[in-house]
Amino acid sequence: MKRHKISVILVVIAVMAAVIFFGTSSREQTASASTTKHKYYTSITIEADDSLWSIAERYAAPESGSYNSFIEEVKQINDLKGDSINYGEALVIPQYK
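Predicted, not measured: the structure shown is a model, and the values here were computed from it.

Visitor: Sorry, what's going on with the overall build of the chain here?
Guide: A count of helical and extended segments in the chain gives three helices and two strands. Beginning at the N terminus, the succession of helices and strands in the chain can be written as α-β-α-α-β. Among the 97 residues that make up the chain, the fraction classed as buried is 22%. Here the chain has roughly 7400 Å² of accessible surface; of this, 58% comes from carbon and sulfur atoms.

Laid out in structure tokens, this is it:
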């Protein structure tokens, strides 16, 4: 009889631990899903002395990856063959919100 009570108590403790563990895990997943940022595109005007690198430093988000990744994406979006950009022109860049 005593062993049966101990077994029941151990099972209850195991179930409670599983509920706590999996309940916490699902809340963390929900929290991280709510912080997921959405990608959108915006247009900026190239200023004097701007370079793709300085634009990456100013606008790249952690979601963009490295500055080089951001620059490659900007070049692709704007159909740039090289690294040259010109003052006063518009440039489409990715952003996250």
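This is not the end of the story, as more comes after the structure.
Visitor: Looking at this model, I keep getting lost on the pattern of salt bridges. Mind explaining?
Guide: Any two side chains of opposite charge can pair, on the condition that their charged atoms come close. Scanning the model with the defined rule gives five salt bridges in all. A salt bridge links E73 to K39; the shortest N-O distance between them is 2.6 Å. Placement of E73 in helix α3 (residues 67-77) and of K39 in strand β1 (residues 39-45) is noted, with a sequence separation of 34 residues between them. Across the salt bridge formed by R58 and D50, the nearest N and O atoms sit 2.8 Å from each other. When its relative accessible area of 43% is taken as the criterion, R58 is described as partly exposed. Among the charged side chains, a salt-bridge network with shared partners connects E72, K75 and D83.

Visitor: What am I meant to see in the confidence of the model for the chain here?
Guide: Regions with low pLDDT carry predicted coordinates that are not meant to be interpreted in detail. Per-residue pLDDT for the chain has a mean of 85; in total, 77% of the residues score no lower than 70. Mean pLDDT values for the elements of the chain range from 65 in helix α1 (residues 2-34) up to 98 in helix α2 (residues 52-59).

Visitor: Mind showing me how you'd approach the packing of α2 against α3 here?
Guide: The relative placement of two packed helices comes down to the angle between their axes together with the axis-to-axis distance. Packing of α2 against α3 leaves a shortest axis separation of 9 Å and a crossing angle of 110 degrees. Viewed along their axes, α2 and α3 adopt a mutual orientation that is roughly perpendicular. Crossing of α2 over α3 shows right-handed handedness. Within the contact between the two elements, α2 uses L52, W53, I55, A56, E57 and Y59 and α3 uses Y67, N68, F70, I71, V74 and K75.

About the cut-offs
- Residues numbered from 1 in each chain as written.
- Predicted model: local features only at pLDDT ≥ 70, side-chain atom pairs only at ≥ 80, totals over all residues.
- Heavy atoms only, no water.
- Helix = DSSP H or I, 4+ residues; strand = E, 2+ residues; numbered from the N terminus.
- Buried < 20%, exposed > 50% of the residue type's maximum accessible area, 1.4 Å probe, protein only.
- Areas by Shrake-Rupley, 256 points an atom, 1.4 Å probe, with all protein chains shown as cover.
- Salt bridge = Lys/Arg side-chain N within 4 Å of Asp/Glu carboxyl O.
- pLDDT = per-residue confidence, 0-100.
- Axes fitted to C-alpha atoms, helices over the stretch in contact; angles between N-to-C directions.
- Parallel < 35°, antiparallel > 145°, perpendicular 65-115°, else oblique.
- Left-handed = near helix turned anticlockwise from the far one by under 90°.
- Contact = heavy atoms within 4.5 Å.

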